[in-house]
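# Chains, contacts and geometry: an overview
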Amino acid sequence: MKHSPETHILRILSRLPRNMVKMHGNENISEFVLHELCCKDCFNFSRAAYFVDNPAFNCLKGVAGFAQDESCELEVAIWEKPHEFSSHMKSSMFNQKVRDCVQYSCKSCENPDEDIMQEIAKQLGMDQFKYCTWDMKHDNHGYLIYQSCEQDPDLEDLLNGVSLLSFCPIF
């Protein structure tokens, strides 16, 4: 039986909370979640960068990055082989670029979000990009800058997916 793309997305999103709970205590759960969200069966991004904006500390921090050309070959088994996946992510150049990105909060400067995301995307070598933002707990804000491989995802589906990143610890 062939499943629609929406069914694949739903399956991935519905199993993420259970996998996240299994990984409780790991510092890099957001890398696992981002990897799942970006895979071909979900939103199919060639690159994605996840940031958290904390206005209280006047800081926008890169948390995790995904580049399909650096993607982990474990694909399905990342949750069963977390140490291998974590080791792979430490060596991912794009992930490190994202994690090294720190600047003043978007909410504390006069520039519009679009200009700030444009500058960050340029630093990350992302020419054609889109971004979305969502509210997080403790008055923080999540940002995802992404490049789609094919068609852009439905924004509501994307926000439902990336909102799961809000439950990941930030270290």
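Residues numbered from 1 in each chain as written. Predicted model: local features only at pLDDT ≥ 70, side-chain atom pairs only at ≥ 80, totals over all residues. Heavy atoms only, no water.

### Things to note about the nonpolar core
- With 36 residues, the main nonpolar core has L16, V33, L37, Y50 and L144 as its most contacted residues.
- Of all the elements in the fold, those that place two or more residues in this core are helix 1 (5-22), helix 2 (29-38), strand 1 (45-54), strand 2 (59-67), helix 3 (82-91), strand 4 (130-135), strand 5 (141-148) and helix 6 (155-162).
- For this core, the element with the most residues is helix 2, which contributes six residues.
- Listed in part, the 17 residues of the second largest apolar core include F94, V98, M117 and F129. (Core = buried A, V, L, I, M, F, W, Y, C linked by side-chain atoms within 4.5 Å. Buried < 20%, exposed > 50% of the residue type's maximum accessible area, 1.4 Å probe, protein only. Helix = DSSP H or I, 4+ residues; strand = E, 2+ residues; numbered from the N terminus.)

### What to know about the pattern of salt bridges
- Within this structure, the stated rule accounts for five salt bridges.
- A salt bridge links R15 to E36, with the nearest nitrogen and oxygen atoms 3.8 Å apart. With a gap of 21 residues between them, R15 in helix 1 and E36 in helix 2 connect regions that are remote in the sequence.
- Since its relative accessible area comes to 38%, R15 is described here as partly exposed.
- Residues K107 and D113 are paired through a salt bridge, measuring 3.7 Å at the closest nitrogen-oxygen approach.
- Exposure remark for D113: the relative accessible area of 19% places this residue in the buried category. (Salt bridge = Lys/Arg side-chain N within 4 Å of Asp/Glu carboxyl O.)

### Focus on the packing of helix 2 against helix 3
- At a minimum axis distance of 10 Å, the contact between helix 2 and helix 3 shows a crossing angle of 85°. In terms of orientation, helix 2 and helix 3 fall into the roughly perpendicular class. Touching E31, F32 and H35 of helix 2 are P82, F85, S86 and M89, all from helix 3. (Axes fitted to C-alpha atoms, helices over the stretch in contact; angles between N-to-C directions. Parallel < 35°, antiparallel > 145°, perpendicular 65-115°, else oblique. Contact = heavy atoms within 4.5 Å.)

### A look at the packing of aromatic side chains
- One pass over the full model with this rule turns up five aromatic pairs.
- Look at F32 and F85: their rings are 4.5 Å apart centre to centre, the planes differ by 55°, and that puts the pair in the tilted class. On the criterion of sequence distance, the pair formed by F32 in helix 2 and F85 in helix 3 is long-range, its members being 53 residues apart.
- With relative accessibility at 0%, the residue F32 sits in the buried group.
- Ring geometry for F43 against F45: centres 6.0 Å apart, planes inclined by 20°, an arrangement best described as stacked.
- Taken together through their ring pairs, the aromatic side chains of F32, W79 and F85 make up a single cluster. (Phe/Tyr/Trp six-rings, centres within 6.5 Å; stacked < 30°, edge-to-face > 60°.)

### Let's talk about the sheet that holds strand 4
- Spatially, 3-2-1-5-4 is the arrangement adopted by the five strands of the open sheet, whose pairing is antiparallel. Lying at the two open borders of the sheet, with one neighbouring strand each, are strand 3 (102-103) and strand 4.
- Contacts from helix 2 reach strand 1, strand 2 and strand 5, with the element oriented near 50° to strand 2.
- Strands strand 1, strand 4 and strand 5 of the sheet are contacted by helix 6, whose axis makes an angle of about 55° with strand 4. (Pairing = 2+ DSSP bridges.)

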